[in-house]
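Topology and contacts: notes
Below, each chain spelled out in residue letters.
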Amino acid sequence: RKQQYDQAQIHYMGALALDSCFVDARNNLGSLYFLQKQWTKAEAQYTAAIACQPNEAQLFFNRANTWYELREYYNALKDAERYVLH
């Protein structure tokens, strides 16, 4: 399986240029950064997605994992709790 991170990033950024609240693009871009271990960039994308769609549980789960990698354990627990409550 070929991983074409650069091409995927271009497509997600293009989608976000058209609609900054395109939650799927933000979430996927966050996941792309997460896979590349760019935790801060991933967290920023998940946070922006949550601002647009605060009732989407998966976003909290993804951000909780990112907070964990950033060793922000308190924030990870808060997001994990939000995920469970949704």
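Description of the structure in this document. (Residues numbered from 1 in each chain as written. Predicted model: local features only at pLDDT ≥ 70, side-chain atom pairs only at ≥ 80, totals over all residues. Heavy atoms only, no water.)

Observations concerning the environment of A17
If you trace the backbone, A17 turns up in helix α1 (residues 5-18). Residue A17 is classed as exposed on the basis of its relative accessible area, which comes to 69%. In this structure the C-alpha to C-alpha distance between A17 and K78, which are 61 residues apart in sequence, comes to 30 Å. (Helix = DSSP H or I, 4+ residues; strand = E, 2+ residues; numbered from the N terminus. Buried < 20%, exposed > 50% of the residue type's maximum accessible area, 1.4 Å probe, protein only.)

Quick word on the pattern of salt bridges
Enumeration according to the criterion identifies two salt bridges in this entry. The salt bridge partner of R63 is D79, with a shortest N-O separation of 2.5 Å. One end of the pair, R63, is in helix α4 (residues 57-69); the other, D79, is in helix α5 (residues 73-85), with 16 residues separating them in the sequence. D79 carries the same exposure label as R63, and that label is buried. For D79, the salt bridge goes to R82, with nearest N and O atoms at 3.4 Å. You can see D79 and its partner R82 sitting in helix α5, three residues apart, about one turn around the helix. Its relative accessible area of 1% is what places D79 among the buried residues. Assessed through its relative accessible area of 34%, R82 is described here as partly exposed. The network of salt bridges with shared partners includes R63, D79 and R82. (Salt bridge = Lys/Arg side-chain N within 4 Å of Asp/Glu carboxyl O.)

Observations concerning the nonpolar core
Soluble globular proteins tend to bury their nonpolar side chains together. One finds A8, A15, L16, A25, L29, L32, Y33, A42 and Y46 forming the largest nonpolar core, which totals nine residues. Counting residues per element, the ones that place at least two in this core are α1, α2 (23-35) and α3 (39-52). If one sorts the elements of this core by residue count, α2 sits on top with four residues. Among the nonpolar cores identified, the runner-up in size contains five residues, and A49, I50, L59 and F60 belong to it. (Core = buried A, V, L, I, M, F, W, Y, C linked by side-chain atoms within 4.5 Å.)

Let's talk about the state of the cysteines
Among covalent bonds in proteins, the disulfide is the one between the sulfur atoms of two cysteines. With the rule as written, the count across this model stands at one disulfide. Between C21 and C52 runs a disulfide, and the two sulfur atoms are separated by 1.9 Å. Taking the sign of the S-S torsion, about -70 degrees here, the bridge from C21 to C52 comes out left-handed. Taken together, the residues C21 in the loop between α1 and α2 and C52 in helix α3 connect sequence positions 31 residues apart. You can call C21 partly exposed: its relative accessible area is 38%. (Disulfide = S-S within 2.5 Å.)

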